[in-house]
2 protein chains.
Amino acid sequence: MSTVNAVQSPAVGNRLILPESRIPTNWYNIVADLPVPVPPVLHPATHQPVGPADLAPLFPMALIMQEVSPERYVPIPEELRDMYRLWRPTPLVRAVRLENALDTPAHIYYKNESVSPSGSHKLNTALAQAYYNKLEGVKKISTETGAGQWGSALSIAGAFFDIDIDVFMVKVSYQQKPYRRSVIQAYGAAVTPSPSERTNAGRAILAKDPDSRGSLGIAISEAVEVAVSDPDARYSLGSVLNHVLLHQTVIGQEAVDGMAEIGEYPDVVIGCVGGGSNFAGLAFPFLHRTLTEGQQTRFLAIEPSSCPTLTRGPYAYDFGDAVGMTPLIKMYTLGHDFMPPGIHAGGLRYHGMAPLISAFVKTGHIEPRAYEQRPCFEAATLFARTEGIIPAPETSYAIRAAVDEALAAKETGEKRVILFNFSGHGHFDMAAYDAYLAGGLENHKMSEDDLQKSLATLPQV
Amino acid sequence: MSTVNAVQSPAVGNRLILPESRIPTNWYNIVADLPVPVPPVLHPATHQPVGPADLAPLFPMALIMQEVSPERYVPIPEELRDMYRLWRPTPLVRAVRLENALDTPAHIYYKNESVSPSGSHKLNTALAQAYYNKLEGVKKISTETGAGQWGSALSIAGAFFDIDIDVFMVKVSYQQKPYRRSVIQAYGAAVTPSPSERTNAGRAILAKDPDSRGSLGIAISEAVEVAVSDPDARYSLGSVLNHVLLHQTVIGQEAVDGMAEIGEYPDVVIGCVGGGSNFAGLAFPFLHRTLTEGQQTRFLAIEPSSCPTLTRGPYAYDFGDAVGMTPLIKMYTLGHDFMPPGIHAGGLRYHGMAPLISAFVKTGHIEPRAYEQRPCFEAATLFARTEGIIPAPETSYAIRAAVDEALAAKETGEKRVILFNFSGHGHFDMAAYDAYLAGGLENHKMSEDDLQKSLATLPQV
């Protein structure tokens, strides 16, 4: 009897799951290793640097202190590390079947964050944020969500810590992904399509455009407004801010550990970027080695051509939300009232970018790249049929880049080690796959006109 | 600073993932340990015992030999064991947060089969069946699916082994779970709602009832008809048959190994039953210890009150499908043209039961129990909010029983060790949760009239 391998099927790759004892004990804070300091965050009215007290209506003090911390390592509380054991360490997988399909000499690895109960990396920070809110007696947390990955994660955290969760979900995603709403509700949280009539911010947007599809910026405005109007409530953000990126560094620390165990080191580290947290979570611990030990690694931040923050936006001060309630942040931005088209990677439809990622794009350590959505779904479908897991639309951008890097290595005959963040599964995004498979998924590229119109709204600082 | 534990949150339980080296090397065949032989399978026309040759149009010979094998252990081919590493060994988790919510002295463990790429245990046998079909040159496999867990799993296997997959999906599930169809298509397989106009069986059913919701029995008839009419095609079944249950014993063998590592042994082993494969997969390796070493363990097979095969059906010869194309099997059955109501646990809507499980229910080794669907969703929601994972509706039946066993242990103050099979996640079943949370999920209990009417169709053997 012949073996199937001989007939056609390549073996699966290694799936390394480190023992629980190797869940990191600290978060890694790249602020300690910045080549140049990040410009300060400014008060939206006075344009003066904000202090911790300015942020107190929004966040518990422990998170504010993390936001401004200069310490290289921030200890992970034991209770949280214990909770991480629900799904961490996550698998580090060599995608041998994908490599074979591409016939590439490259080695492709992915860190599989989709195995968390919420289906993405977002739970790493959701539990951390809920934990610190709980410690300070917060009863309710308001937040925004795009595709729903973040809203799902914070809803689980709310259920675990007995905190009410109030989610504003970008309307176009609410409509595209009805079952993400169901997930959030199954965990016991409330969810409102945004823009809504519940807030001044929402009503103002709807007055201008009753058919508004919503944006992450608008949903942030609504969630912030709800938080500041209730003394027992705080606000939570799923990306962008320093403390959020900090929490995600468990991903990259495990990946550094795992790659060392395997005996390879990545030549290229890849992640998709919306606000930047999954990318930073994987990349920063490797970037640490570049900054402190001179390791040669390329870092690719992949964004949609329809929301090309890093590839076409200026590095400038802008609001984090749509209506100007948040502090001003120095970052790459398309302008805070930019309305991205309703592409399926709802988590990437954000006008700005994490200031820490922006700073490293500015210094050239991080290389941005933009893709349209069809080639990304093509790569995602290939991934599903070779590696078995259906990727989130956001994740498909990272996969496209990994595939292109592997094909480039094939061209040059080079053994390139590629590592990307498999940030989430696409179980609640199947309508997008339906559209792609039916040939109906449109590409969108931002026009120069739209870009200039949007940039005209940047605040003068 | 107080700790969150002191405030409110219990620690998560242990999540044991065995190393890859402990993926079982053999499947365990309980036929070798049967106290009394299982009655033979009979030809549908002649009522004589069928031989391997009779089954050759349906299955590759390697699977037929497994179906009739008397050997206690059947080696798992290395190529398959290698593929199992994509997600196996699966986690064995102590549900400490659920225990705390129930305030029970019981220890509740679950074997988490939902971590497979297809989202359930079904991939264990899907890859095995595709492997043996590939070895014998089969180009296409037809099959049925209820909730879609099986169709998804076989579609992945088809993508991995380059075999065309043709899925007949029970119409009510096709309508309730549109994104399961999308999943099957994303993996490259074809899916047809059943009953369909594609087959004589489907056309006959539709002629009698144009609005037929379909059933697993009808979908099996259609898939069998497609397979036998194409010499390059074979048929594949996701449950019921000996070889399918055999492949699933990787679950229970890992659980026996894991429980020993933890240092506990289950007093109760629980699984939901439709055709019986996830239950058997977990239970049989433990039942082996009961049969050969006198271990005292209760085995609970949980079914819906709306499809009460084990609790209200007779032990009799019946067809495996709706129109009488399959051999006659001695099993608990509600009659082959029983049309179950459209409950959300589509995988449990089957009129019959695996003959091996039926035999052990007959001998009293396995204890059946039936639940209506609302209390199961109640337990599933509690599970989601404590353990973080949203269960498949099928799995919710096992969870309900585990919860009830834990509450009974609380009554008596007894430390009971409970182990259940977390057979799959509910990511494609959110419409059911929507209905439950909105208060609109109906209970269904089979009436005595319906039962008698259905049993009147049993063949005279």
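Thresholds applied
- Residues numbered from 1 in each chain as written.
- Chains lettered and ligands numbered in written order.
- Predicted model: local features only at pLDDT ≥ 70, side-chain atom pairs only at ≥ 80, totals over all residues.
- Heavy atoms only, no water.
- Helix = DSSP H or I, 4+ residues; strand = E, 2+ residues; numbered from the N terminus.
- Rg over C-alpha atoms; globule rule 2.2 N^0.38 Å.
- Buried < 20%, exposed > 50% of the residue type's maximum accessible area, 1.4 Å probe, protein only.
- Contact = heavy atoms within 4.5 Å.
- Areas by Shrake-Rupley, 256 points an atom, 1.4 Å probe, with all protein chains shown as cover.
- Lys, Arg positive; Asp, Glu negative; His and termini not counted.
- Charge placed at Lys NZ, Arg CZ, Asp CG, Glu CD.
- Least-squares fit on C-alpha atoms with pLDDT ≥ 70 in both.
- Salt bridge = Lys/Arg side-chain N within 4 Å of Asp/Glu carboxyl O.
- Polar contact = N/O pair within 3.5 Å; in protein donor to acceptor, adjacent residues only side chain to side chain.
- Nonpolar A, V, L, I, M, F, W, Y, C, P; charged D, E, K, R; others polar.
- 1 Å grid on protein atoms, 1.4 Å probe; cavity = no way out; pocket = protein on both sides within 12 Å on 5 of 7 lines; lining within 4 Å.
- Points joined across faces, edges and corners; volume = space filled by probe spheres on them.
- Pairing = 2+ DSSP bridges.
- Right-handed = clockwise from strand over helix to strand, strands pointing away.
- Expected span 1.5 Å × (residues − 1).
- Bend = angle between axes of the 7 residues up to and from the residue.
- pLDDT = per-residue confidence, 0-100.

A. View of the overall build of chain A. Secondary structure summary: chain A contains 19 helices and 15 strands in total. Over its C-alpha atoms chain A spans a radius of gyration of 21 Å, differing by no more than 12% from the 23 Å that the globule rule assigns to 461 residues. Expressed along its principal axes, the backbone C-alpha trace of chain A runs to roughly 70 × 45 × 45 Å. Counting only residues that meet the buried cut, chain A has 67% of its 461 residues in that class. Restricting the contact set of chain A to residue pairs at least 6 apart, pairs at least 24 apart contribute 78%. Carbon together with sulfur atoms contributes 51% to the accessible area of chain A, which is approximately 14,300 Å² in total. Here chain A holds 37 positive side-chain charges and 48 negative ones, and the gap between their average locations is 3 Å.

B. Just the relation of the copies chain A and chain B, in detail. For the pair chain A and chain B, the superposition axis carries a translation of 0.0 Å, the fit reaches an RMSD of 0.0 Å, and the rotation angle comes to 180°. A rotation of that kind, with that shift, is consistent with a two-fold axis. The position closest to the rotation axis in chain A is occupied by the C-alpha of A:H427, lying 3.2 Å away. The fraction of interface residues of chain A whose copies in chain B are also interface residues reaches 100%, indicating that both copies meet through the same surface.

C. Spotlight on the interface of chain A and chain B. Residue-level contacts link 57 residues of chain A with 57 residues of chain B. Linking chain A with chain B are two salt bridges. A salt bridge links B:R181 to A:D434; the nearest nitrogen and oxygen atoms lie 3.5 Å apart. One can count 19 residue pairs in polar contact (both at pLDDT 80 or more) joining chain A with chain B. Within the residue set of the side of chain A that touches chain B, elements represented by two or more residues are α1 (4-7), α4 (78-84), α6 (123-135), α7 (149-161), α9 (178-186), α16 (373-387) and α18 (430-437) of chain A. Across the side of chain A that touches chain B, the residue classes tally to 28 nonpolar, 16 polar and 13 charged.

D. Looking closely at the side chain of A:K122. All names here are of chain A. In this fold, K122 is placed in the loop between β5 (107-112) and α6. Buried and unpaired, K122 has no salt bridge, with E144 as the nearest side chain of opposite charge at 7.4 Å. Not counting chain neighbours up to four residues away, the residues in contact with K122 comprise Q149, W150, A153, G238, S239, Q248 and S277.

E. Broad picture of empty space enclosed by the protein. What the rule picks out here adds up to eight cavities of 30 Å³ or more. If you trace the largest cavity, you find 34 residues lining it, with A:S114, A:V115, B:S114, B:V115 and B:S116 closest to the centre. Secondary-structure elements contributing two or more residues to the lining of the largest cavity are β5 of chain A together with β5 (107-112) of chain B. When the residues that make up the lining of the largest cavity are grouped by side-chain class, the tally is 19 nonpolar, 11 polar and four charged.

F. Representation of the pairing of strand β7 (residues 164-170) of chain B in the model. All names here are of chain B. Most of β7 is tucked away, with six of its seven residues classed as buried. The sheet contact formed by strand β6 (residues 140-145) and β7 spans six bridges and is parallel. Bridge pairing in β7 places K140 opposite D164. Chirality of the crossover, the property in question, places the unit of β6, helix α7 (residues 149-161) and β7 among those that are right-handed.

G. Structural view of unusual backbone geometry. With an omega of 10°, the peptide bond running from A:S194 to A:P195 counts as cis. Inspection of the secondary structure puts A:P195 in the loop between β8 (190-194) and α10 (200-208). With an omega dihedral of -10°, the bond running from B:R88 to B:P89 counts as a cis peptide bond. As for its position among the elements, B:P89 is in the loop between α4 (78-84) and β4 (92-94). With phi around 55°, A:D162 is a residue other than glycine that occupies positive phi space. Mapped onto the fold, A:D162 is located in the loop between α7 and β7 (164-170).

H. Region of the structure containing helix α12 (residues 242-262) of chain B. Residues and elements named next belong to chain B. The end-to-end C-alpha distance of α12, which contains 21 residues, comes to 30 Å, matching closely the 30 Å that a straight helix rising 1.5 Å per residue would cover. Remark: the principal bend of α12, roughly 35°, maps to Q248. Most of α12 is tucked away: 16 of the 21 residues are buried. Remark: G263 follows α12 within two positions and exhibits a positive phi of approximately 90°.

I. View of the environment of A:I220. Residue and element names in this part refer to chain A. Note on placement: I220 falls in helix α11 (residues 216-228). Among the residues examined, I220 registers a relative accessible area of 5% and is labelled buried. Discounting residues that sit within four places of it in the chain, I220 has contacts with E144, Y235, L237, G320, D321, T326 and Y350.

J. View of the pattern of salt bridges. All names here are of chain A. For the structure shown, the criterion picks out 48 salt bridges over all chains. Note that R72 and D33 form a salt bridge whose closest N and O atoms lie 2.5 Å from each other. Residue R72 is found in the loop between α3 (61-67) and β3 (73-75), and its partner D33 is found in the loop between β2 (26-28) and α2 (52-55); the two are separated by 39 residues along the sequence. You can call R72 partly exposed: its relative accessible area is 33%. Taking relative accessible area as the criterion, D33 reaches 9% and is therefore assigned buried. Here R312 makes a salt bridge to E448, at a shortest N to O gap of 3.0 Å. Highlighted residues: R312 in helix α14 (residues 309-312) and E448 in helix α19 (residues 448-455), separated in sequence by 136 residues.

K. Representation of the confidence of the model for chain A within the structure. Residues and elements named next belong to chain A. Of the residues in chain A, 97% reach a pLDDT of 70 or more, and the chain-wide mean stands at 94. With pLDDT under 50 throughout, residues 1-10 is counted as low confidence; its partners more than four residues away or in other chains account for 24 contacts. Here the prediction assigns the complex a pTM of 0.95, and the interface score ipTM is 0.94.

L. View of the sheet that holds strand β11 (residues 298-304) of chain B. All names here are of chain B. Judged by pairing direction, the sheet is mixed, and its seven strands sit side by side in the order β1-β4-β5-β15-β10-β11-β14 without closing on themselves. Taken across any chain shown, the strands that pair with only one partner, and hence form the sheet edges, are β1 (15-16) and β14 (366-371). Two elements, β5 and strand β15 (residues 417-422), share six bridges in a ladder whose sense is parallel. Paired with K111 across the two strands is N421, which belongs to β15.

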